[in-house]
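# Commentary on secondary and tertiary structure
Now for the letters of each chain:
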Amino acid sequence: MPQKGISAGDGNANLGIIEAPSKPALSSQTVQALEEQTAAPTPVKKSGKAKQQIDVKAELEKRQGGKHLLNLVVIGHVDAGKSTLMGHLLYLLGNINKRTMHKYEQESKKAGKASFAYAWVLDETGEERERGVTMDVGMTKFETQTKVITLMDAPGHKDFIPNMITGAAQADVAILVVDASRGEFEAGFETGGQTREHGLLVRSLGVTQLAVAVNKMDQVNWKQERFLEIVVKLGQFLKQAGFKESDVAYIPTSGLGGENLVTRSQSSELTKWYEGKCLLEQIDSFKPPQRSVDKPFRLCVSDVFKDQGSGFCVTGKIEAGYVQVGDRLLAMPPNETCTVKGIALHDEPVDWAAAGDHISLTLTGMDIIKIKVGCIFCCPKEPIKVCTRFRARLLIFNIEIPITKGFPVLLHYQTVSEPATIRRLLSVLHKSTGEVTKKKPKCLVKGQNALIELETQRPIALELYKDFKELGRFMLRYSGSTIAAGVVTEIKE
């Protein structure tokens with residue numbers, strides 16, 4: 001790719017520790033991310049394919065008129081207006097025709113939810129519309145001047161955080177939507193609000209660039225003081241979470257009014273103090289990340305369904321490598337092989353697809369019963385490792401109770417969530433150097449960096465962090481809140 005995205009070093013910017021906002025920014029405690037201290041990658045064999053070899057890099061440049069692919073997730077506290085904001089953006093871009101929009105407006109009026117019309121563009125199921133909240137990750141595609149964007153609208157409600165993690169794990173960049181109206185921003189940001197947890201989660205899942213849409217600015221009459229107050233509060237927090245200031249942009253918007261979304265706002269109340277980009281220009285200016293096209297093929301399944309003909313379909317994002325029609329693939333953990341009969345990118349059939357693409361594969365030669373969400377398809381010559389026990393470096397977030405041996409957790413990894421147990425606490429590590437400060441601790445408390453051994457109930461397929469960054473990160477949750485982020489350092493069995 002012509003522009004190199006962020007260099008490897010930046011990508012692993014420090015995962016800071018989140019503390020109460022009353023304290024000054026914790027520069028001294030910023031973690032020299034777990035990531036940097038894992039050793040050099042294991043060498044990769046080149047797979048010799050008999051079929052004619054496509055020059056993937058050259059083809060990638062040509063595809064889509066030379067536009068870069070970017071996976072974008074939209075996150076934020078429940079009711080910050082994520083779906084309305086993005087629905088209106090898509091409408092203004094002409095991705096939804098007037099007739100459909102008119103239908104949504106009529107239907108939402110009938111349901112007594114007139115202001116939800118744009119949200120219905122992305123919240124398609126009856127239950128989501130009835131409750132007025134997003135539950136699953138909605139996916140759509142749109143184009144800007146230089147990019148093709150796959151948009152994922154994540155749920156903001158606390159109950160659906162597992163779905164949100166699935167969305168964030170597949171994203172390169174994020175838009176964090178906050179509600180500017182008095183009291184609402186505070187509710188989303190203070191303890192128990194999802195703004196913090198979401199910000200922390202996307203950073204730990206490897207998203208380094210963020211656009212903050214300060215939404216519903218029309219509710220506070222586009223006041224500059226309110227905008228700056230939010231920027232200062234969020235800025236401190238995001239810095240601790242490990243975002244670089246240069247990688248975070250703040251944009252005042254109104255999702256319902258459609259102000260400052262696709263064109264710079266003409267509203268005199270805003271233009272007198274804001275001269276920056278509109279949301280679409282900001283999305284367009286994100287740097288495209290580097291894709292691991294040279295590595296062996298890996299695809300993580302996010303959905304499985306039956307096809308009309310023989311075979312079945314799986315959807316997911318290619319994490320590494322590339323795939324062509326006719327390739328043999330191996331599915332792990334079930335350890336079954338199959339053949340790729342067809343590939344579709346954004347619902348259009350293609351002959352090949354490469355790292356970073358969200359695709360659906362039509363597969364034959366395997367029973368659909370064997371495949372579950374979270375399975376990983378890989379190249380049979382260089383399969384992914386499958387295990388139930390592995391060692392990892394953890395960064396512990398704000399937790400109330402200490403973590404002890406035998407502690408039960410829910411492991412969120414790519415699109416998988418598996419019950420797991422912390423089998424051994426091996427050592428506590430120094431935050432910045434990664435040296436062992438204490439061997440065999442009895443318990444772990446908030447803010448610590450530690451080496452542990454985890455055991456899952458069922459086998460899962462994963463990679464070492466040093467070999468595949470995307471496939472080596474995970475989150476741990478316990479009783480509805482995220483307690484730690486980690487990277488895989490050693491696979492036992």
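Every value quoted in this text rests on a predicted model; they were computed, and no experiment measured them.

## Some remarks on the nonpolar core
Grouped together as the largest cluster of nonpolar side chains are 77 residues, with contacts concentrated most on Met86, Ile175, Val212, Leu234 and Ile283. Residue contacts for Val212: discarding those within four places in its chain leaves Leu176, Val178, Leu234, Leu238, Val248, Ala249, Tyr250 and Ile251. Listed in part, the 39 residues of the second largest apolar core include Ile399, Ile403, Val409 and Leu454.

## Considerations on the confidence of the model for the protein
In this model, the protein carries a mean pLDDT of 82, and residues with pLDDT of at least 70 account for 86%. With pLDDT under 50 throughout, residues 44-51 is counted as low confidence; its partners more than four residues away or in other chains account for 13 contacts.

## Digging into the pattern of salt bridges
When the charged atoms of two side chains lie near each other, side chains of opposite charge can form a pair. Counting across every chain of the model gives 23 salt bridges. The partner of Lys317 in a salt bridge is Asp172, with the nearest N and O atoms 3.7 Å apart. With Lys317 in strand S8 (residues 312-320) and Asp172 in the loop between helix H6 (161-169) and strand S4 (173-179), the pair connects residues that are 145 residues apart, well separated along the chain. When its relative accessible area of 11% is taken as the criterion, Asp172 is described as buried. For the salt bridge of Glu336 with Lys370, the shortest nitrogen-to-oxygen distance reads 3.2 Å. With Glu336 in strand S11 (residues 336-345) and Lys370 in the loop between strand S14 (358-364) and strand S15 (376-378), this residue pair connects regions lying 34 residues apart in the sequence.

## Concerning the side chain of Asp179
When you line up the elements, Asp179 lands in strand S4. At 2.5 Å, the side chain of Asp179 and the side chain of Ser181 are in polar contact. A polar side-chain atom of Asp179 sits 3.3 Å from a polar atom in the side chain of Lys216. Discounting chain neighbours no more than four positions away, the residues touching Asp179 are Asp79, Ala80, Glu184, Phe185, Asn215 and Lys216.

## Focus: the packing of H6 against helix H8 (residues 194-204)
At a minimum axis separation of 10 Å, H6 and H8 run at an interaxial angle of 35°. For the crossing formed where H6 meets H8, the hand is right-handed. Contact residues: H6 offers Ile161, Met164, Ile165 and Ala168, while H8 offers Gln194, Glu197, His198, Leu201 and Val202. In the contact of H6 with H8, the residues fall into six nonpolar, two polar and one charged.

## A short note on H8
Side chains that are three or four residues apart share a direction in an α-helix, a result of its 3.6 residues per turn. Within H8, 11 of the 11 residues are buried, which leaves the element mostly enclosed by the surrounding structure. Taken together, the buried positions of H8 are Gln194, Thr195, Arg196, Glu197, His198, Gly199, Leu200, Leu201, Val202, Arg203 and Ser204. Gly206 sits one or two residues past H8 and shows a positive phi near 100°.

About the cut-offs
Residues numbered from 1 in each chain as written. Predicted model: local features only at pLDDT ≥ 70, side-chain atom pairs only at ≥ 80, totals over all residues. Heavy atoms only, no water. Core = buried A, V, L, I, M, F, W, Y, C linked by side-chain atoms within 4.5 Å. Buried < 20%, exposed > 50% of the residue type's maximum accessible area, 1.4 Å probe, protein only. Contact = heavy atoms within 4.5 Å. pLDDT = per-residue confidence, 0-100. Salt bridge = Lys/Arg side-chain N within 4 Å of Asp/Glu carboxyl O. Helix = DSSP H or I, 4+ residues; strand = E, 2+ residues; numbered from the N terminus. Polar contact = N/O pair within 3.5 Å; in protein donor to acceptor, adjacent residues only side chain to side chain. Axes fitted to C-alpha atoms, helices over the stretch in contact; angles between N-to-C directions. Left-handed = near helix turned anticlockwise from the far one by under 90°. Nonpolar A, V, L, I, M, F, W, Y, C, P; charged D, E, K, R; others polar.

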